[in-house]
Amino acid sequence: MSSIVIRPATPADLDAITEIYADAVTNGTASYELEPPSRTEMGTRFATLAAGGFPYLVAEKDGAVLGYAYAGTFRPRPAYRFIVEDSVYVAPDAKGQGVGLELMRSLVAAVEVAGFRQIVAVIGDGHADSASVRLHEKLGFRHSGCLEGSGYKHGRWLDTVFMQLSLNGGASVLPDPDSLPERKFQQQK
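Residues numbered from 1 in each chain as written. Predicted model: local features only at pLDDT ≥ 70, side-chain atom pairs only at ≥ 80, totals over all residues. Heavy atoms only, no water.

**Q** Any chance you could explain the overall build of the protein chain here in plain terms?
**A** From N to C terminus, the protein chain includes five helices and seven strands. The C-alpha radius of gyration computed for the protein chain amounts to 16 Å, which stays within 12% of the reference 16 Å derived for 189 residues, consistent with globular compactness. Counting only C-alpha atoms and orienting by the principal axes, one finds that the protein chain spans roughly 45 × 40 × 30 Å. Taken across its 189 residues, the protein chain has 44% of its residues classed as buried. By sequence separation, contacts in the protein chain at least 24 residues apart represent 65% of the contacts at least 6 residues apart. Total accessible area on the protein chain stands at roughly 10000 Å², and carbon and sulfur atoms take up 54% of it. Of the side chains in the protein chain, 18 bear a positive and 22 a negative charge, and the two mean positions are spaced by 5 Å. (Helix = DSSP H or I, 4+ residues; strand = E, 2+ residues; numbered from the N terminus. Rg over C-alpha atoms; globule rule 2.2 N^0.38 Å. Buried < 20%, exposed > 50% of the residue type's maximum accessible area, 1.4 Å probe, protein only. Contact = heavy atoms within 4.5 Å. Areas by Shrake-Rupley, 256 points an atom, 1.4 Å probe, with all protein chains shown as cover. Lys, Arg positive; Asp, Glu negative; His and termini not counted. Charge placed at Lys NZ, Arg CZ, Asp CG, Glu CD.)

Dropping the structure here:
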């Protein structure tokens, strides 16, 4: 039996990624989208993140994509450039097998290498027993806020939980001029 491999996502993974996300949108409350995006839309989102140099990973076992995770812009204003928001989704039949944890460990490492200072998790339906909240807690994320009743899906109000993880000295040291976010900012000036 082979083990799970975490690797960078490629356009060839987009059918599986689209299917995993469609299930999360249709049956879950982690995403506040109400209709699953098309394969074309998912391709556009992937291309935007890839063009920005953001990490986008898949977990694969025996040739099947079991889940994916990526980091992207938290907010578009330039002062936020050192913060990324993470997303992680696991196929229904792969849940509870540690796929999300392996994806997130690799994502945190990639974000740290790129020089970002904070990872923010914006967790839909973020109650204390939610798998996503527990996953982020395992990785050292701390709770940083809650928007009560901020989403309405599947006939009920949902809270949005914010969690964050400091990296590379967080806010205690000045920005690294060689970090990905600072290099991109300087190129845009």
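Having seen it, we continue.
**Q** Would you take a moment to explain the packing of aromatic side chains for this structure?
**A** Aromatic rings in a pair are described by how distant their centres are and how their planes are angled relative to each other. Applying the stated rule across the entire model yields nine aromatic pairs. Arranged with centres 6.0 Å apart and planes meeting at 10°, the rings of tyrosine 56 and tyrosine 68 form a pair that is stacked. Here tyrosine 56 is found in strand E2 (residues 56-61), whereas its partner tyrosine 68 is found in strand E3 (residues 64-73), with twelve residues between them in sequence. A residue is classified by how much of its surface remains accessible, and tyrosine 56, at 8% relative accessible area, is buried. Pairing phenylalanine 74 with tyrosine 80 gives two aromatic rings, centres 5.6 Å apart and planes at 75°, and the pair type is edge-to-face. A relative accessible area of 35% means that tyrosine 80 is categorised as partly exposed. Aromatic ring contacts, followed pair by pair, group Tyr21, Phe46, Tyr56, Tyr68, Tyr70 and Tyr89 into a single cluster. (Phe/Tyr/Trp six-rings, centres within 6.5 Å; stacked < 30°, edge-to-face > 60°.)

**Q** I would appreciate a short explanation of the pairing of strand E6 (residues 142-153) in the present structure.
**A** In the case of a regular strand, side chains alternate between the two sheet surfaces. Direction of pairing for E6 relative to strand E7 (residues 156-166): antiparallel, over a ladder of eight bridges. Of the residues in E7, the one forming a bridge with glycine 151 is leucine 158. With antiparallel pairing between neighbouring strands as the criterion, E6 and E7 make up a hairpin whose turn holds two residues, including histidine 154 at a positive phi of roughly 55°. (Pairing = 2+ DSSP bridges.)

**Q** Honestly, helix H4 (residues 131-138) in this entry has me stumped. Any pointers?
**A** Because each turn of an α-helix spans 3.6 residues, side chains separated by three or four positions in sequence point in the same direction. Within H4, the full set of buried residues consists of Val133, Leu135 and His136. Around the axis of H4, the buried residues are gathered within 160° of arc, so they sit on the same side. In H4, the exposed residues that point more than 90 degrees away from the buried face are Ala131 and Lys138. In this structure, the buried side of H4 is in contact with strand E4 (83-90), helix H3 (99-114), strand E5 (118-124), E6 and E7. Following H4 by one or two positions, glycine 140 has its phi on the positive side, about 95°. (Arc of directions from axis to C-beta.)

**Q** Please explain the side chain of serine 31 as it appears in this structure.
**A** Here serine 31 shows up in the loop between helix H1 (14-27) and helix H2 (39-51). Of note is the side chain of serine 31, whose polar atom sits 3.1 Å from the backbone nitrogen of glutamate 33. What serine 31 contacts, discounting residues up to four positions off in sequence, is Tyr21, Val25, Tyr89 and Lys153. (Polar contact = N/O pair within 3.5 Å; in protein donor to acceptor, adjacent residues only side chain to side chain.)

**Q** Would you explain the environment of arginine 7 in this entry?
**A** Mapped onto the elements of the fold, arginine 7 is located in strand E1 (residues 5-8). In the structure, arginine 7 is positioned 48 residues away from proline 55 in sequence and 10.0 Å away in space, judged by C-alpha atoms. Excluding anything up to four places from it in sequence, arginine 7 contacts Asp13, Tyr56, Leu57, Val58, Glu60 and Val65. Only 3.2 Å separates the side chain of arginine 7 from the side chain of glutamate 60, close enough to count as a polar contact.

**Q** Help me out: how do you make sense of the packing of H1 against H2 in this one?
**A** A pair of packed helices can be characterised by two numbers: the angle between their axes and the separation between those axes. Where H1 meets H2, the axes come as close as 10 Å, and the angle between the chain directions of the two elements is 110°. One way to sum up the angle between H1 and H2 is to call them roughly perpendicular. Residue-level contacts link Leu14, Asp15, Ile17, Thr18 and Tyr21 of H1 to Arg39, Met42, Gly43, Arg45 and Phe46 of H2. (Axes fitted to C-alpha atoms, helices over the stretch in contact; angles between N-to-C directions. Parallel < 35°, antiparallel > 145°, perpendicular 65-115°, else oblique.)

**Q** I'm lost on unusual backbone geometry in this one. Help?
**A** Keep in mind that most residues, glycine aside, have a negative phi and that most peptide bonds are trans. For aspartate 62, which is not glycine, the phi dihedral falls at a positive 50°. Mapped onto the elements of the fold, aspartate 62 is located in the loop between E2 and E3.

Limitation: the analysis is restricted to geometry and does not speak to function.
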